[in-house]
Structure formats: structure tokens, C-alpha cells
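Chain by chain, the residues run as shown.
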Amino acid sequence: MYRRRARLLLLLGALAASECFSPVGMAMRKASSVPQRLSCPIEASGARAFLCDATVRIGCSSAASAATWALIAHCGLGSVASSSVVGLAAGLTLPTPLATAAFCGTFAGMSSRTIAPRITDAAVLGGAAAAILAALDASNTRLLKGVGGRLGTVAALAALASVAATAELRAAGLLYVPSLAAAAAAPKALLATVGATILGSAATRLWARRLAALLFVSTTSALVAPSADSRREALARRFSNPVASASVVGLCSSLALGPTRSALAASVFAGTFVAMSAPDTLASTRAILGAAALAGFAQAGLAAVCVGGGGKLGAAAAIGVMLLRAGRAAAAVVLLWRARRGELRQ
């Protein structure tokens, strides 16, 4: 099983590298005005810079996935709490590109012991997820850019590919279990899932916009040195970045709800990913809450797919965001059509 997953990682890494070395990909990156995402110690450009970037991100993702798996397996933490602890540490200490790669790895590390029975399996899944993420970034496409849940979606794809490539897991029926979808779609369970997801998105937005600053930044007084205020402001900015904000809310919900209500904590965690969407994707609080509600329904639909695979909470969040955007676009088209129709009648 481990060898097959190792081959999967190598295949996904080759996919990312092929994008880097392709003439089209290199020309697009050279023409792009976007600066390099990471500062590599080696002065490099083009393919070499991309390989440096991708290698560091894959390493961070693998380490974060292994750390998350170890916290779950050996420290007795739940999957949401483990991912949040590692994600919070990454969000506070690493630059944004590495923090996002590490956060992506934590979702792969949330996979069950059936899918990742050893820590090396979790590390391979995390590396595979980062390789897919690097390939998407290198392609210069707008696929899922700015959409909350993008990191989890990538981790879910890696877990799904691992299950599909392993005969034992396919034979166990982990690809699809219809009974789980029926249980998740029960009215009481569905209402709790949707409500918890909305709560998670609202709490994350509130933390990022208000609470982090209130906790760490005090009013300036004559007794407080300006350097101390600047340090507190920097700390507030670190705690309010998307990775740290989602991790704080996820950790608090997991500790508050406890192991007996881990499903609700997972739904809250899914809501935090919706709130990680870029402002140009979801501009208002109303849009975030609407996407969170749709993400709650998406969780019920994904409950039967790739059972035990990590990243499905993020995938549900991404589905909710995209459904809301599609619905708003369709409504705009209908309104435009009605306006044109009214003009023609006049």
C-alpha cells in the first residue's frame, strides 16, 4: 500500500514539474507580473525557482500532515483540534505560502487510520496534496483561486486518488457508502450541520475583523512604549490571517464541544473555510453566511464519498462558495434578460 502511495506522490510531483518545464507554462510565468511566492536562498529563475518553491511547500505539507496524524494517533486529540493546532502554529510562524501549504497538509493528515495506517502514509498524502496545489498555482489558471476550501479540496483529491489506487480500500467500499449519505441527510442532522457551519463562518469573520485586534491591541497611552504597541499590532495581524483565524475558531469549537460532538465541531471547522474566501469572491457577511449554509448541505452530500478521507470539509466549503457564486450569476443574467425584454416591449 505504501509503495503505491509513494508512486502516487511521484506521479503528482511529475505533473507539477511538467507544468513548470513546459514551454507554455514557462512563457506564461515569464510574462506574468506576479512576483515569486517564496524567496529561495538560491538565486534562480524560471524552472529552477519553481522547483525550489514546490519542494519547500511539499516538505511543509508532508511535515504538517505527519504532525496532525501523530497528534490524532498518539496524543488523543480529535482530528479538528489536531489540524487546528498545527495550522495555528504554521499561521503564526511561517510566511503565507508555507503556512497555506502546511494547512493543506493538516487536512490530509486528518484521514482515518484505514486510509493512512502509518505516519509515512500521512506524509505521502500531504506531499501529494501540496504537489497538486503547486501544479494548480503554476498553471496560472483561476481554478478555485480565492475560493474558501481550496486547500481542503486539494487534500480531498489526494485522498480520493489514494483510495482509488489501492485495491484493498476499493474492496472495502470506501469510495462510496450510500447509507452514510442517508444518515447525514436526516432533517435533524442536516439542520445541526448547516447551523454549525454558519456559526463557524460567522465566528471566523468576527475573529479576523474584530476580536483579534481587541485582544492584542490596546489603546495607546503615555505609559506604553510605541514599540510595544507595534509588536501587539503585528501579533494581531498574525492571529487574524486566514490560516490562524480558521485554526483559532476550529480549536475553540473542538475544545468547547468535546469528543462527543465531534461532528458539530467538524461542521464549524468547515464554516471557517468559507470565511477564508477572498474579499472579491465573497464581499459581504451575508454572502459568507449564504455560502456557509450551502456548504452545510454539501457536507451531507459528501458524507458517503471517500469515507475517512481528509479534506472533505474544505471541499464542501468550496462547493458552497461556488454554488452561491453560480446562483448570483444566474440571478444577474435573469435580471438582465428581464430588463432587456422590458426595453424591447417599450
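Presented here is an overview of the structure given in this document. (Residues numbered from 1 in each chain as written. Predicted model: local features only at pLDDT ≥ 70, side-chain atom pairs only at ≥ 80, totals over all residues. Heavy atoms only, no water.)

### A closer look at the overall build of the chain
Each helix and strand in the chain was counted, giving 15 helices and zero strands. Looking at the 346 residues of the chain, the share that counts as buried comes to 46%. Taking as baseline every contact in the chain between residues at least 6 positions apart, the subset at least 24 positions apart corresponds to 74%. (Helix = DSSP H or I, 4+ residues; strand = E, 2+ residues; numbered from the N terminus. Buried < 20%, exposed > 50% of the residue type's maximum accessible area, 1.4 Å probe, protein only. Contact = heavy atoms within 4.5 Å.)

### Some words on the packing of aromatic side chains
For the structure on display, the rule yields six aromatic pairs. Relative to Phe 269, the ring of Phe 103 has its centre 6.5 Å away and its plane inclined at 75°; by these criteria the two rings are edge-to-face. Pair noted here: Phe 103 is in helix α5 (residues 96–109) and Phe 269 is in helix α13 (residues 262–275), with a separation of 166 residues, a long-range link. Between Phe 107 and Phe 273, the aromatic rings sit 5.1 Å apart at their centres with planes inclined by 65°, giving edge-to-face as the arrangement. Residue Phe 107 is located in helix α5, and its partner Phe 273 is located in helix α13; the two are separated by 166 residues in the primary sequence. When its relative accessible area of 4% is taken as the criterion, Phe 107 is described as buried. (Phe/Tyr/Trp six-rings, centres within 6.5 Å; stacked < 30°, edge-to-face > 60°.)

### Details of helix α3 (residues 47–74)
Taking 1.5 Å per residue, 28 residues should reach 40 Å; α3 reaches 40 Å between its end C-alpha atoms and fits that length. Phi turns positive, to about 75°, at Gly 76, one or two residues after α3. (Expected span 1.5 Å × (residues − 1).)

### Quick word on the environment of Gly 127
Along the chain, Gly 127 turns up in helix α6 (residues 119–138). Accessibility expressed as a relative area gives 0% for Gly 127, which makes it buried. Sequence spacing of Gly 127 and Ala 155 is 28 residues, and the spatial spacing of their C-alpha atoms is 9.5 Å.

### Re the side chain of Gln 299
Topologically, Gln 299 is positioned in helix α14 (residues 285–302). A residue is classified by how much of its surface remains accessible, and Gln 299, at 12% relative accessible area, is buried. Side chain to side chain, Gln 299 and Thr 197 meet in a polar contact 2.7 Å long. A polar contact is formed between the side chain of Gln 299 and the side chain of Ser 267, at a distance of 3.2 Å. Leave out the neighbours within four places in its chain, and Gln 299 touches Thr 193, Thr 197, Ser 267, Ala 270, Leu 313 and Ala 316. (Polar contact = N/O pair within 3.5 Å; in protein donor to acceptor, adjacent residues only side chain to side chain.)

### What to know about the environment of Leu 51
When you line up the elements, Leu 51 lands in helix α3. For the pair Leu 51 and Ala 134, spaced 83 residues apart in sequence, the C-alpha separation works out to 9.5 Å.

### Quick look at the nonpolar core
In this structure, Phe 103, Phe 107, Phe 269, Val 274 and Leu 282 are the most contacted members of the largest nonpolar core, which totals 46 residues. Breaking this core down by element, the ones donating at least two residues are α5, α6, α7 (150–165), α12 (242–257), α13, α14 and α15 (312–345). It is α6 that contributes the most residues to this core, seven residues altogether. In terms of nonpolar packing, the next biggest core, distinct from the first, is built from eight residues, Leu 88, Trp 207, Phe 216 and Phe 239 among them. (Core = buried A, V, L, I, M, F, W, Y, C linked by side-chain atoms within 4.5 Å.)

Honestly, that's just the spatial picture; any functional story needs more than this.
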